[in-house]
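# Fold and geometry: a report
So you can see what is in the structure, the chains are spelled out below.
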Amino acid sequence: MRIYLIRHGQTDWNVEGKVQGSTDIPLNETGRRQAACLAKGMAGRPVVQIFSSRLKRAFETARTVGESQNVRVETVEGLEEISFGEWEGLTWKDIEKTYPREYKLWWENPTGIAPTGGETREALERRAGQAARRMLARAKGDFAVVVHGGIMAYLAGYLLRANQDTQDGTGKKESRSIIVENASITTLDYDAVSRTAVLVEENDVSHLRDL
């Protein structure tokens, strides 16, 4: 089974460098054009289902792809971006200035420490795994998932599992994070028997060249 992990199109806060998190920011005009190009890029990647975060920027992107393939978009609980609490709407520079102590603690231990009023990465990883299991249980064939940059890394990590680990020079295993751009496509081949996936293509934005 083939799984396409797609990041939503651009928003004004992306351009302004503001942390979006769980704030429900819509696509801007560029983001809508990216979504249209994305739909064309997905034309050769037919899917039978499209799952999406409920947040506007992801759902609008998913709906554009869904309309082009005549596939209804299904929202899945737990696919929302990590909550940054009081930091949302601020740039990283503003956060460091306004919340210096909290920012330092979070930067030193982002897995266990939450942004002020926000969510830990450990909590995000847990719900990303739960969301992945929901989608796999409902999957009827090749499908797309339209989400956010942060949660996509954890979804990919859950799906790749053992295959995501690489050996460093000391023989210790370490996981490689997947960093993606707006309206990009990352492709995985998933084996239902072993319940693991293989990374086929990462961060494909070739469909945006003529934007």
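Data block above holds the structure.
Cut-offs used in this document
By convention here, each chain's residues receive numbers from 1 onward along its written sequence. Only residues with pLDDT of 70 or above have their local features reported here, since the model is predicted, and side-chain atom pairs are shown and tallied only from 80 upward, although totals for entire chains, interfaces and linings are computed over all residues. The basis for every side-chain value is the complete set of non-hydrogen atoms in the structure, without hydrogens or water. Relative accessibility decides the category of a residue: with a 1.4 Å probe and only protein chains considered, values under 20% of the type maximum give buried, values over 50% give exposed, and everything between is partly exposed. Helix numbers and strand numbers start at the N terminus; a helix is a DSSP run of H or I with at least 4 residues, a strand a run of E with at least 2. Two strands qualify as a pair provided that DSSP identifies no fewer than 2 bridges between them. Only buried Ala, Val, Leu, Ile, Met, Phe, Trp, Tyr and Cys residues count toward a nonpolar core, and they belong to the same one when joined by side-chain atoms within 4.5 Å. Here, two residues are considered to be in contact whenever any of their heavy atoms come within 4.5 Å of each other. Interaxial angle, 0 to 180 degrees, is taken between N-to-C directions of lines fitted to C-alpha atoms, where a helix line uses only the stretch in contact. Centre distance within 6.5 Å is the pairing criterion for rings of Phe, Tyr and Trp, where only the six-membered ring of Trp is used; planes under 30 degrees apart are then read as stacked, over 60 as edge-to-face, and the remainder as tilted.

With that settled, consider the pairing of strand E1 (residues 2-7). Looking along a regular strand, one sees side chains alternate from face to face of the sheet. Burial runs high along E1: 5 of the 6 residues are buried. Bridge count for E1 against strand E7 (residues 185-191) is 5 bridges, and the pairing is antiparallel. Note that in E7 the partner of Tyr4 across the bridge is Thr187. As paired strands, E1 and strand E4 (residues 143-147) are joined by 5 bridges and run parallel to one another. The residue of E4 that forms the bridge with Ile6 is Val146.

Take the nonpolar core next. Within the largest apolar cluster, 34 residues are counted, with the highest numbers of intra-cluster contacts made by Ile3, Leu79, Met135, Val145, Leu155 and Leu159. For this core, the secondary-structure elements that each account for two or more residues are E1, helix H5 (100-108), helix H6 (121-138), E4, helix H7 (149-160) and E7. Tallying contributions element by element places H7 first for this core, with 7 residues. Once you skip the residues sitting within four places of it in the chain, Val145 turns out to touch Ile3, Tyr4, Leu5, Ile6, Phe51, Leu79, Met135 and Leu155.

Another aspect to go through is the pairing of E7. The element E7 is extensively covered by neighbouring structure, given that 5 of its 7 residues are classed as buried. Across 6 bridges, the pairing between E7 and strand E8 (residues 196-204) is antiparallel. In the sheet register, Ile185 faces E8, and the bridge partner there is Asp204. Where E7 hands over to E8, the hairpin turn is made up of 4 residues, of which Arg195 adopts a positive phi near 60 degrees.

Let us look at the sheet that holds E7. Within the open sheet, the 6 strands sit side by side as E3-E2-E4-E1-E7-E8. Their pairing is mixed. At either margin of the open sheet sits one strand with a lone partner, and together these are strand E3 (73-75) and E8. Direction aside, the axes of adjacent strands within the sheet are offset by 25 degrees on average. Where strand E2 (residues 49-52) and E3 come together, 3 bridges link them in parallel fashion. Paired with Ser52 across the bridge in E3 is Thr75.

The next subject is the packing of aromatic side chains. Counted according to the given criterion, the structure contains 11 aromatic pairs. Look at Tyr103 and Trp107: their rings are 6.1 Å apart centre to centre, the planes differ by 20 degrees, and that puts the pair in the stacked class. Within this pair, Tyr103 and its partner Trp107 are both found in helix H5, separated by 4 residues, close to a single helical turn. Overall, Tyr103 belongs to the buried group, its relative accessible area being 13%. Given the relative accessible area of 59%, Trp107 is considered exposed. Here the aromatic rings of Trp106 and Trp107 are separated by 6.3 Å at their centres, their planes lie at 50 degrees, and the arrangement is tilted. Residue classification places Trp106 among the buried positions, given a relative accessible area of 4%. A network of ring pairs unites the aromatic residues Phe84, Trp87, Trp92, Tyr99, Tyr103, Trp106 and Trp107 as a single cluster.

Honestly, it's all geometry; don't read function into it.
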